[in-house]
Amino acid sequence: MSVDGAGHTPEQSQLGKATAYADQYDASLLFPIARQPQRSEIGIAGSPLPFMGADLWTGYELSWLNPRGKPQVALVHVTVPCETPCIVESKSFKLYLNSFNNSRFDHADAVRERIAHDVGAAVWQQTASPTKPDAPPPSVGVRLVLPGQFASQRIEELPGLDLDRLDVECTDYQPAPQHLRADADQAPVDETFTSHLLRSNCPVTNQPDWGDIQISYHGAPIDQEGLLRYLVSYRKHNGFHEHCVERIFMDIWQRCQPAQLTVYARYTRRGGLDINPLRTNVPQALPANLRTARQ
């Protein structure tokens with residue numbers, strides 16, 4: 001794992017490669033990828049960021065052994081702030097979680113603390129300080145949902161006006177921000193739109209990534225047909241989930257100039273993981289990590 005703040009490149013990861021699954025817990029499987037190269041492509045030079053938010057991960061395939069060797073299972077919710085210099089490549093996260101399968105832990109809190117420590121070290125790219133060698137790395141939010149809580153898990157759709165109701169002609173399948181426009185002659189409005197038609201592709205394997213998206217804003221009315229055409233234009237775009245959401249945020253921000261903007265996407269799972277990035281310029285609590293029907 002790189003610790004110089006640069007992370008690795010996607011091509012160096014396990015994506016698209018035959019992989020042996022670890023039989024015992026192994027934190028070194030986590031593969032950090034730097035956010036900044038993709039941010040530079042959309043005009044984000046560094047700090048301060050033009051947005052705040054987080055990446056909300058859900059892991060559905062977490063299991064470990066208790067001290068007597070009996071398997072335990074849980075869902076895991078991981079919240080990674082968008083200020084971290086790195087993301088974790090999703091296949092490496094899957095391999096890392098699978099490495100818990102035959103390792104013994106005293107209790108569920110020990111598993112949660114281990115994940116928080118390891119993922120925090122990967123995304124923050126920080127090693128122990130020479131003056132404080134035992135100091136933990138900056139952490140991330142981790143919550144386990146144990147079997148006794150499974151019945152309380154809900155499926156809900158993102159609220160908002162459905163853009164997919166519009167009968168529009170779509171011809172662009174690479175990001176086409178020229179479709180975005182707002183009527184500055186009209187009074188500002190508060191609107192929330194949703195769409196099920198977000199699709200992009202993994203930049204390494206070219207496998208499709210499917211998602212639902214919610215866009216909330218305050219500002220001059222945004223042309224709905226143009227917004228839908230713009231979202232559809234990601235259909236052949238290669239980009240990680242986090243970077244796609246940031247590109248969408250920046251394009252709407254620059255083209256439509258709303259005073260307030262929030263972009264939230266919930267992607268369908270792959271390898272037992274879903275990733276749900278949120279970017280906003282409005283201070284707010286993060287949404288509850290609830291599944292949509294497609295997830």
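In the block above lies the structure referred to throughout.
Before going into details, it helps to say that this report is about the structure given with it. Being a predicted model, the structure only gives us computed values, none of them experimental. (Residues numbered from 1 in each chain as written. Predicted model: local features only at pLDDT ≥ 70, side-chain atom pairs only at ≥ 80, totals over all residues. Heavy atoms only, no water.)

## Details of the side chain of Ser200
Here is step 1: Residue placement: Ser200 occurs in strand β7 (residues 189-201).
Here is step 2: Judged by relative accessible area, which is 0%, Ser200 ranks as buried.
Here is step 3: Leave out the neighbours within four places in its chain, and Ser200 touches Gln207, Pro208, Asp209, Tyr234, His237, Gly239, Cys244 and Tyr267. (Helix = DSSP H or I, 4+ residues; strand = E, 2+ residues; numbered from the N terminus. Buried < 20%, exposed > 50% of the residue type's maximum accessible area, 1.4 Å probe, protein only. Contact = heavy atoms within 4.5 Å.)

## A word on the side chain of His237
Here is step 1: Positionally, His237 belongs in the loop between α4 (224-232) and α5 (241-256).
Here is step 2: Once residues within four sequence positions are removed from consideration, His237 is found in contact with Tyr173, Gln174, Pro175, Ser200, Asn201, Cys244 and Arg247.

## Concerning the packing of α4 against α5
When two helices pack together, you describe them by how their axes are tilted relative to each other and by the distance separating the axes.
Here is step 1: Two elements in contact, α4 and α5, have axes separated by 12 Å at closest approach and are oriented at 150°. Judged by the inter-axis angle, α4 sits roughly antiparallel to α5. Relative to α5, the crossing made by α4 is right-handed. Taking contact as the criterion, the partners of Leu227, Tyr230 and Leu231 in α4 are, on α5, Arg247, Ile248, Asp251 and Ile252.
Here is step 2: For the contact of α4 with α5, the residue count by class is five nonpolar, no polar and two charged. (Axes fitted to C-alpha atoms, helices over the stretch in contact; angles between N-to-C directions. Parallel < 35°, antiparallel > 145°, perpendicular 65-115°, else oblique. Left-handed = near helix turned anticlockwise from the far one by under 90°. Nonpolar A, V, L, I, M, F, W, Y, C, P; charged D, E, K, R; others polar.)

## Section: the sheet that holds β7
Whether parallel or antiparallel, the strands of a sheet pair through hydrogen bonds between backbone atoms.
Here is step 1: The eight strands are arranged β5-β3-β2-β10-β9-β8-β7-β6 in an open sheet whose pairing can be described as mixed. Of all the strands in the sheet, just β5 (141-145) and β6 (161-162) have a single pairing partner and so form its edges.
Here is step 2: As defined by bridge partners, strand β2 (residues 52-65) adjoins strand β10 (residues 273-280) across eight bridges and the pair is classed as antiparallel. From the neighbouring strand, Trp57 faces β10, where its bridge partner is Ile275.
Here is step 3: Most of the contacts of helix α2 (residues 90-98) go to β10, to which it runs at about 130°, and overall it touches β2, β3 (71-81) and β10. (Pairing = 2+ DSSP bridges.)

## Here we look at the packing of α2 against helix α3 (residues 108-124)
Here is step 1: At a minimum axis distance of 12 Å, the contact between α2 and α3 shows a crossing angle of 150°. As judged from the angle between their axes, α2 and α3 are roughly antiparallel. By crossing handedness, the relation of α2 to α3 is classed as right-handed. Across from Phe93, Tyr96 and Leu97 in α2, the residues of α3 making contact are Arg114, Ile115, Asp118 and Val119.
Here is step 2: When its residues are assigned to classes, the contact of α2 with α3 shows five nonpolar, no polar and two charged.

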